Amino acid sequence: MRILSWCRANAVLSISLLAALITACIVPPDRDYAGYYDIKTLVCLFSVLAVVGALRDMQVFAALSQRMVRTFRTVRSVCTALVIVTMFGSMLLTNDTALLTFLPLSWFVLQATGQEKHAAMLFILQNCAANLCGMITPFGNPQNLYLFSFFNIPIGTFIAIMLPPFLLSTALILLCCLTFPKEALCVPEAVVTLEPRRAAAYGLLFCLAVAMVLRAVPYQTGLLIIVASLLVLDRHALKTVDWGLLATFAAFFTFSGNMARIETVRVFFQQLLAHSAMLVSALTSQIISNVPAAILLSRFTDDYRGLLVGVNVGGAGTLVASLASLITFCEYTKRLPQESGRFLLRFSAVSFALLAILLAAMALLGC
């Protein structure tokens, strides 16, 4: 029962481990396995998650969000502010960290002002903002960090590719914010005290993690500095790193590496991706999530432009299209369990509408 309970709680990790095990039976482990793993991606992802964990422990994000929210006085402006702060948070912190940080704040604001009835729509739009607006930076979404490293994409090229879908996604999400009423409310204030020196130190460590992603600093050097610093400043941050996400990456590296060595599979995906890497990757994301889709499909195509757009746009749609969406669903149902079915229907309606519009627009642009 404990094993089954763990598998349910870590469904994606369980599936990735099972997929790796099955393919390992077809392609027995050998010295070529060592070439499967993108160590730089794993190190950079770990570094970003560790530093962000330290910043979250200090309540830096809560303090910044509260200061922003306190300047607004209507349901629409407060909800829009919360969506925007999630949007910017995803660009810097990864989408799942942004949601874990800002969804609880949103519930606190709505509950304290008696506006819980808007929680479903607010959570859904924050989820869309985290998944779709984090695409503009290489470290905004985990699949971006992997593809940025795997294809060695120049930062200018990366931003040029992602700018059109990012701008359209942002415009659509902000347009949806107009559905909130312009009712007046009083936003409660919560005192959050920060240690300036510690916050500055963590800020420097975050800049170092970003420099590692952008290849400005050797990732080995950056890793040593970040781990050594956090061992002194905040060991808890190292414990709260999402090790499950890192293990999922490693398992899918094994799975995708083995799949690429199976001739029939390689030919099938190469032919499929030759027609439209964007559409195939977006649809694949709906079934196995966009991070595994990016890792798997990168083995069969050189069209990193279509792949980048597809796995990012493909974060909209089903609940499993992005791992971060499961966080949103859990955060909502934890507070309103009786509303889970209604929330899922509303989530699907908004998310699939955004997916359809984005796919159509990107197809017109020739992605």
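See the structure printed just above.
The model shown is predicted, which means the values in this text are computed figures rather than measured ones.

The rules behind the values
Residues numbered from 1 in each chain as written. Predicted model: local features only at pLDDT ≥ 70, side-chain atom pairs only at ≥ 80, totals over all residues. Heavy atoms only, no water. Phe/Tyr/Trp six-rings, centres within 6.5 Å; stacked < 30°, edge-to-face > 60°. Helix = DSSP H or I, 4+ residues; strand = E, 2+ residues; numbered from the N terminus. Buried < 20%, exposed > 50% of the residue type's maximum accessible area, 1.4 Å probe, protein only. Contact = heavy atoms within 4.5 Å. Salt bridge = Lys/Arg side-chain N within 4 Å of Asp/Glu carboxyl O.

Outline the packing of aromatic side chains, supporting the account with residue identities and numerical values.
Overall, the coordinates contain 15 aromatic pairs when judged by the stated rule. Summarising the aromatic geometry, the rings of F123 and Y332 are spaced 5.9 Å apart at their centres and angled 75 degrees between planes, so their arrangement reads as edge-to-face. Highlighted residues: F123 in helix α7 (residues 119-133) and Y332 in helix α18 (residues 323-335), separated in sequence by 209 residues. Both residues of the pair, F123 and Y332, count as buried. With 5.0 Å between their ring centres and 20 degrees between their planes, F269 and F300 make a pair best called stacked. A residue pair is termed long-range when its members are at least 10 positions apart, and F269 in helix α14 (residues 263-275) and F300 in the loop between α16 (290-297) and α17 (304-313) qualify at 31 residues. Comparing F269 with F300 shows no difference in burial state: the two are buried. Site record: aromatic cluster; members linked through ring pairs are Y33, Y36, Y37, Y146, F150, F151, F253 and Y304.

Pulling in residues and values, what's your account of the side chain of S90?
Secondary-structure assignment places S90 in helix α5 (residues 75-93). The contacts of S90, once residues within four sequence positions are left out, are N95, A98, A129, A130, C133, G134 and G140.

Just give me the short version of unusual backbone geometry, but keep the residues and values in it.
One non-glycine residue with positive phi stands out, namely N152, at about 55 degrees. Here N152 lies in the loop between α8 (142-150) and α9 (155-176).

Can you tell me about the environment of I287, naming the residues and giving the values?
Note on placement: I287 falls in helix α15 (residues 277-288). For the pair I287 and T318, spaced 31 residues apart in sequence, the C-alpha to C-alpha distance is 7.9 Å.

Can you tell me about the environment of F46, naming the residues and giving the values?
Residue position: F46 is located in helix α3 (residues 39-57). A residue is classified by how much of its surface remains accessible, and F46, at 11% relative accessible area, is buried. Residues F46 and D242, 196 residues apart in the sequence, show an inter-C-alpha distance of 8.1 Å. The residues contacting F46, other than those within four sequence positions of it, are L223, V227, L238, V241, W243 and L246.

Which residues make up the pattern of salt bridges, and what values go with them?
Counting across every chain of the model gives five salt bridges. One salt bridge in this structure joins E263 and R266, with 2.0 Å as the shortest N-O distance. In this pair, E263 and R266 both sit in helix α14, three residues apart, roughly one turn of the helix. You can call E263 partly exposed: its relative accessible area is 46%. In this structure, E331 and R335 form a salt bridge, with 2.7 Å as the shortest nitrogen-oxygen distance. Here E331 pairs with R335, and both are found in helix α18, just four residues apart, close to one helical turn. Overlapping salt bridges, with partners in common, bring together D30, D32 and R261 in one network.

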